Amino acid sequence: MKKLKRKDYEKQLEPLQLELLAMSRWLNHTGKRVVVVVEGRDTAGKGGVINAISEHLNPRQCHVLALSKPSERESSQWYFQRYVPHLPAAGEILLMDRSWYNRAGVEKVMGFCDDAQYKAFLKQAPVFEKLLVDDGILLLKYWLTVDQEEQEKRFCERLDDPLKRWKLSSIDVEARAKYADYTRAREAMLKATHTEDAPWTLVDFNDQKRGRLTLIRDLLDRMPDTQVPDAKLDFPALGTKPQKERFGVVKPIPSYDPED
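An unreviewed UniProt entry annotates the protein chain as ADP/GDP-polyphosphate phosphotransferase of Pseudoxanthomonas gei. In its Function (unreviewed entry) section, the UniProt entry covering the protein chain states "Uses inorganic polyphosphate (polyP) as a donor to convert GDP to GTP or ADP to ATP." According to UniProt, the comment filed for the protein chain under the heading Subunit (unreviewed entry) is "Homotetramer."

Caption draft 1: A look at the overall build of the protein chain. If you tally the helices and strands in the protein chain, you get nine helices and five strands. Start at the N end of the protein chain and walk to the C end: the helices and strands fall as α-β-α-β-α-β-α-α-β-α-α-α-β-α. Projecting the C-alpha coordinates of the protein chain onto the three principal axes gives extents of approximately 70 × 50 × 45 Å. Counting over 260 residues, the protein chain shows a buried share of 41%. By sequence separation, contacts in the protein chain at least 24 residues apart represent 79% of the contacts at least 6 residues apart. On the protein chain, roughly 16600 Å² of surface is accessible, and the fraction owed to carbon and sulfur atoms is 52%. Averaged over its 43 positive side-chain charges, the protein chain has a centre that lies 1 Å from the centre of its 41 negative ones.

Caption draft 2: Spotlight on the pattern of salt bridges. Summed over the entire model, instances satisfying the criterion amount to 19 salt bridges. With a shortest N-O distance of 3.2 Å, E150 and K3 are connected by a salt bridge. A residue pair is termed long-range when its members are at least 10 positions apart, and E150 in helix α6 (residues 148–160) and K3 in the segment before α1 (6–30) qualify at 147 residues. Its relative accessible area of 13% is what places E150 among the buried residues.

Caption draft 3: The arrangement of the pairing of strand β1 (residues 33–40) in detail. The buried fraction of β1 amounts to eight of the eight residues, a majority that puts the element mostly inside the structure. The sheet contact formed by β1 and strand β4 (residues 137–145) spans eight bridges and is parallel. Following the sheet pairing, V37 is matched in β4 by K141. For β1 and strand β3 (residues 93–97), the ladder comprises five bridges, and the chain directions are parallel. When the sheet's bridge partners are listed, V35 is paired in β3 with L94.

Caption draft 4: Layout of the packing of helix α5 (residues 115–134) against helix α8 (residues 179–193). Two elements in contact, α5 and α8, have axes whose closest approach is 9 Å; the angle formed by their N-to-C orientations is 40°. Overall, the two elements α5 and α8 adopt an arrangement that is oblique. You can see that α5 and α8 cross each other, and the crossing is right-handed. Contacts from Y118, L122, A125, P126 and E129 in α5 reach A188, M189, A192 and T193 in α8. Residues belonging to the contact of α5 with α8 are distributed by class as follows: seven nonpolar, one polar and one charged.

Caption draft 5: Main features of the packing of aromatic side chains. Tallied over the full model, the rule gives 13 aromatic pairs. Taking 6.2 Å as the distance between ring centres and 55° as the angle between the ring planes, the aromatic pair formed by Y79 and Y83 counts as tilted. In textbook terms, an aromatic cluster arises when at least three aromatic residues are bridged by ring pairs, as seen for W78, Y79, F80, Y83, W100, Y101, F121, F128, W143 and W200. Its end group placed over the ring of Y83, R82 keeps NZ or CZ at 5.5 Å from the ring centre. Over the face of the ring belonging to Y118 we find K108, whose NZ or CZ atom lies 4.5 Å from the ring centre.

Definitions and limits used
Residues numbered from 1 in each chain as written. Predicted model: local features only at pLDDT ≥ 70, side-chain atom pairs only at ≥ 80, totals over all residues. Heavy atoms only, no water. UniProt positions renumbered as here; feature names shortened; annotations may be inferred. Helix = DSSP H or I, 4+ residues; strand = E, 2+ residues; numbered from the N terminus. Buried < 20%, exposed > 50% of the residue type's maximum accessible area, 1.4 Å probe, protein only. Contact = heavy atoms within 4.5 Å. Areas by Shrake-Rupley, 256 points an atom, 1.4 Å probe, with all protein chains shown as cover. Lys, Arg positive; Asp, Glu negative; His and termini not counted. Charge placed at Lys NZ, Arg CZ, Asp CG, Glu CD. Salt bridge = Lys/Arg side-chain N within 4 Å of Asp/Glu carboxyl O. Pairing = 2+ DSSP bridges. Axes fitted to C-alpha atoms, helices over the stretch in contact; angles between N-to-C directions. Parallel < 35°, antiparallel > 145°, perpendicular 65-115°, else oblique. Left-handed = near helix turned anticlockwise from the far one by under 90°. Nonpolar A, V, L, I, M, F, W, Y, C, P; charged D, E, K, R; others polar. Phe/Tyr/Trp six-rings, centres within 6.5 Å; stacked < 30°, edge-to-face > 60°. Lys NZ or Arg CZ within 6 Å of the ring centre and 35° of its normal.

Here you go:
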């Protein structure tokens, strides 16, 4: 299958984003809560698909979570504890750029947790997620897949592009040689946490644009009927000639001109 061209991608993305807006109205109307876990290999495209989902949604309603390395205090807490304060309230959606599944992925493969912590996580994660689902949260878990050849191309792009260089860390460089280890860790994670209450969905992201469309379409299809009409809004004419900005105390800085 050929990779999707940007023009075709944008044409297909727009109606999906309109459906996402309809979903947001439905969330406001019903008070439902949604958590979308986005996991996957380095360079798979987690940030890109999260941006595509959230681009036109109200940031007060749609929250993106990308936690950094836990602090010393957080490391002494119950593992799931630092995620709980970020869970959505009524009418909200939480998009997780990585999640508690760090423990089953990078922490396991790179040796950042011990075997007892890892085994405890695999046992506790389904229980924790069932509590969320039983409380009414709509929990969707996605794993983005990418072949190592394509992953290498993207690593090289990050290395060569100063606008993407920040995405490449020493841990990423070290993890490159552990592609098979990450595969084994993913399979063990799926075996332990792919449950009826909170199943996993794997999406091919070798073509990131097509992957985004696939994931968003699946997300929308998993929602109940989200057709809530826009609230009627009176928008009368001004009745006067539009006014120009006037400045007294402070004036705007000069407009940018690349020719200057």
